[in-house]
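# Chain and residue survey
If you want the building blocks of each chain, they are given just below.
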Amino acid sequence: MTTDATGAGITEQVLAGLRGTADPRLGEVLTGLVRHLHDFARETRLTQEEWQRAIAFLTATGRACTDTRQEFILLSDVLGLSMLVETLNGDRGAGATESTVLGPFHLTESPVRALGDDIDLVGGGERCVVSGRVRSADGTPLHGAVVDVWQADDKGYYDVQQPGVQPAGNGRGLFTADAEGRFWFRTCVPAAYPIPTDGPVGELLRATGRHPYRPPHIHFIAGAEGHTPVTTHIFVAGGDYLDSDAVFAVKQSLVHDFTETDDPSLAREFGVPNPFRHARFDLVLERTA
């Protein structure tokens, strides 16, 4: 096949080479990817120098990934792709908790903790209790639901960013809901923080004049037998950057008050000094088909 000045012949040759893909979905995805990549190169008249810079950028992104840092997820986040994929796949049904991005600091195994435990192992910042229920969309409490939690500290750092300063597992916990679907834990009110900017993603943000900050939040993954898990956040109402999250992850339904509570008896029940901040956040899961 001959190639015209737009390179259309090259595109058709590549697409022809994909027609034997055994997995139909893989073939569909790769075909779409090739079409859009080639159209992008034609639309922008991509130069060889720009192509080489892009390859170098992606190579550097891969090299920045470690066991505790996922620079490619960070890149996906700041380009809005992570949130777009969540949105395209996040139809959880009426009343179910909305999903949002996983983020680059999730660990596959958070420390198992008892209900009411304090996940702030450093003891900094304003004391806070987070409580809620895990329930099905029809209101049924989900006994034994598992709630995975992780957050930055009151200065905006995750434990994996400060080895030797924060103990491993600080700000993290894996909780099991009680017979009524309830969970609760103690912590500090999280701070707004910048995503890591010492790698390729930081270079991209600087080149495009964007700030790197995320509003204060706590991450959750909740799951229960017979239900679709949800990956989500709770955002601190009134926090900075709610209207300009660097990863585009804020949804209004996930913004909650961390209410200042002056109740000595409740403080004693939770094991925190009075007054304290209290956030209530129910996690509502949709039944699997």
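Our subject is the structure listed above.
What comes next concerns the included structure.

Looking now at the nonpolar core. Membership of the largest hydrophobic core comes to 39 residues, with the highest contact counts inside it found for Val134 and Phe220. Elements that contribute at least two residues to this core include exactly helix 4 (71–78), strand 1 (127–136), strand 2 (146–151), strand 4 (182–188), helix 6 (200–207), strand 7 (217–223), strand 8 (230–236) and strand 12 (283–285). Take this core: its biggest share by element is four residues, from strand 8. Residues Val129, Leu266, Ala267 and Phe270 belong to the second largest nonpolar core, which totals six residues.

Between helix 3 (residues 48–63) and helix 6, whose axes approach to 9 Å, the crossing angle comes to 135°. Between helix 3 and helix 6, the interaxial angle falls into the category oblique. Listed contacts from helix 6 to Phe57, Ala60 and Thr61 of helix 3 are Pro200, Val201 and Leu204. Per-class residue counts for the contact of helix 3 with helix 6 are five nonpolar, one polar and no charged.

Strand order in the open sheet formed by five strands is 3-2-7-8-9, and the pairing between neighbours is mixed. Looking at the sheet topology across the chains shown, the edges are occupied by strand 3 (172–176) and strand 9 (255–256). Where strand 2 meets strand 3, five bridges bridge the pair, whose relative direction is antiparallel. Bridged to Val146 within strand 3 is Thr176.

Another point: the layout of surface pockets. Rolling a probe over the atoms, with the probe sized like a water molecule, indicates the empty space that remains. Of the volumes computed, that of the largest pocket is approximately 930 Å³. In this structure, the largest pocket is lined by 24 residues; those nearest its centre are Phe40, Ala41, Leu46, Trp51 and Ala54. Broken down by secondary-structure element, the contributors of at least two residues to the lining of the largest pocket are helix 1 (8–17), helix 2 (24–44), helix 3 and helix 6. By residue number, the principal contributor to the lining of the largest pocket is helix 3, which donates six residues.

This part takes up the pairing of strand 2. Within strand 2, five of the six residues are buried, leaving the element largely enclosed by the surrounding structure. Of the strand pairs in this sheet, strand 2 and strand 7 are connected by six bridges, and their pairing is antiparallel. Considered in strand 7, the bridge of Asp148 is made with Ile221.

For the coordinates displayed, the defined rule picks out one cavity of 30 Å³ or more. Quantified by volume, the largest cavity comes out at close to 50 Å³. If you go around the largest cavity, you meet 13 residues; those closest to its centre are Gly103, Pro104, Tyr193, Arg214 and His219. Split by residue class, the lining of the largest cavity holds eight nonpolar, three polar and two charged.

A cis amide bond links Asn274 to the next residue, Pro275, at an omega of -5°. You can see Pro275 is positioned in the loop between helix 7 (264–270) and strand 11 (276–280). The phi dihedral of Arg45 falls on the positive side, at around 50°, and the residue is not glycine. Within the secondary structure, Arg45 is located in the loop between helix 2 and helix 3. Notably, Tyr241 is not glycine yet its phi reads approximately 70°, a positive angle. Mapped onto the fold, Tyr241 is located in the loop between strand 8 and strand 9. Using a relative accessible area of 28% as the deciding quantity, one classes Tyr241 as partly exposed.

The full count for this structure, using the stated rule, is eight aromatic pairs. Between Phe185 and Phe220 the ring centres are 6.4 Å apart and the planes differ by 50°, which places this aromatic pair in the tilted class. Here Phe185 is found in strand 4, whereas its partner Phe220 is found in strand 7, with 35 residues between them in sequence. Note on Phe185: relative accessible area 0%, which makes it buried. By way of ring pairs, the aromatic residues Phe175, Phe183, Phe185, Phe220 and Phe281 are connected into one cluster.

The rules behind the values
Residues numbered from 1 in each chain as written. Predicted model: local features only at pLDDT ≥ 70, side-chain atom pairs only at ≥ 80, totals over all residues. Heavy atoms only, no water. Core = buried A, V, L, I, M, F, W, Y, C linked by side-chain atoms within 4.5 Å. Buried < 20%, exposed > 50% of the residue type's maximum accessible area, 1.4 Å probe, protein only. Helix = DSSP H or I, 4+ residues; strand = E, 2+ residues; numbered from the N terminus. Axes fitted to C-alpha atoms, helices over the stretch in contact; angles between N-to-C directions. Parallel < 35°, antiparallel > 145°, perpendicular 65-115°, else oblique. Contact = heavy atoms within 4.5 Å. Nonpolar A, V, L, I, M, F, W, Y, C, P; charged D, E, K, R; others polar. Pairing = 2+ DSSP bridges. 1 Å grid on protein atoms, 1.4 Å probe; cavity = no way out; pocket = protein on both sides within 12 Å on 5 of 7 lines; lining within 4 Å. Points joined across faces, edges and corners; volume = space filled by probe spheres on them. Phe/Tyr/Trp six-rings, centres within 6.5 Å; stacked < 30°, edge-to-face > 60°.

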